[in-house]
Amino acid sequence: MRTTVMAENGMRLDAGGHETWAPVGIATALAVPAVLALAGNSAADTLTWIIQPLVVLVNCVILYSNLTAVPSVTAAFAKSDDAELRRIDVKSMLRAAEHGFPRWVMPYLQNLRHGIVFAGSAAALILLAAR
């Protein structure tokens, strides 16, 4: 198999840069109402009610993407005009890519992130509603 087959078809395994801007953007969005709350600004509550559900929805999309990676990549490869790309065993390829990370990253770090996002968002909204 050509080592360049994915690149030749405009595909790559990395996250295309959003692995940096997404967490930084989300952290910034979460920090704004926190700073406003510490400053005593009442807009913090409204922003929290808007931002926290959005963070949960984004995390649901990420979780769905993680859970459906094999069928979605398989479908993308199947649509290609490149016969070699269509023959790739996607499940094995993604498993091999995961093995490039330290063993504790998959699934522990992902699950920890999901747990923190869901529990943290729920806690923020429950505490806000109880005030």
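To be clear, the structure that these remarks concern was listed above.
Please read these numbers as outputs of a predicted model, since none were measured by experiment. (Residues numbered from 1 in each chain as written. Predicted model: local features only at pLDDT ≥ 70, side-chain atom pairs only at ≥ 80, totals over all residues. Heavy atoms only, no water.)

**Topic: the packing of helix α3 (residues 43-67) against helix α7 (residues 105-130)**
Then, number 1: Contact geometry for α3 and α7: axes closest at 10 Å, N-to-C directions at 155°. By the angle between their axes, α3 is roughly antiparallel relative to α7. Every pair of crossing elements has a handedness; the one defined by α3 and α7 is left-handed. Between α3 and α7, the contacting residues are D45, T48, W49, Q52, P53, V55, V56, N59, C60, I62, L63 and N66 on the first element and Q110, R113, H114, V117, F118, S121, A124, L125, L128 and A129 on the second.
Then, number 2: Within the contact of α3 with α7, the residues separate by chemical class into 13 nonpolar, seven polar and two charged. (Axes fitted to C-alpha atoms, helices over the stretch in contact; angles between N-to-C directions. Helix = DSSP H or I, 4+ residues; strand = E, 2+ residues; numbered from the N terminus. Parallel < 35°, antiparallel > 145°, perpendicular 65-115°, else oblique. Left-handed = near helix turned anticlockwise from the far one by under 90°. Contact = heavy atoms within 4.5 Å. Nonpolar A, V, L, I, M, F, W, Y, C, P; charged D, E, K, R; others polar.)

**Let's talk about the packing of helix α2 (residues 18-38) against α3**
Then, number 1: Running from N to C, α2 and α3 point in directions that differ by 160°, and their axes come no closer than 9 Å. Relative to α3, α2 is oriented roughly antiparallel. For α2 against α3, the interelement crossing comes out left-handed. Contacts between α2 and α3 pair I26, A29, L30, V32, P33, L36 and A37 from the former with A44, L47, T48, I51, Q52, V55 and V58 from the latter.
Then, number 2: Its residues placed into classes, the contact of α2 with α3 shows 12 nonpolar, two polar and no charged.

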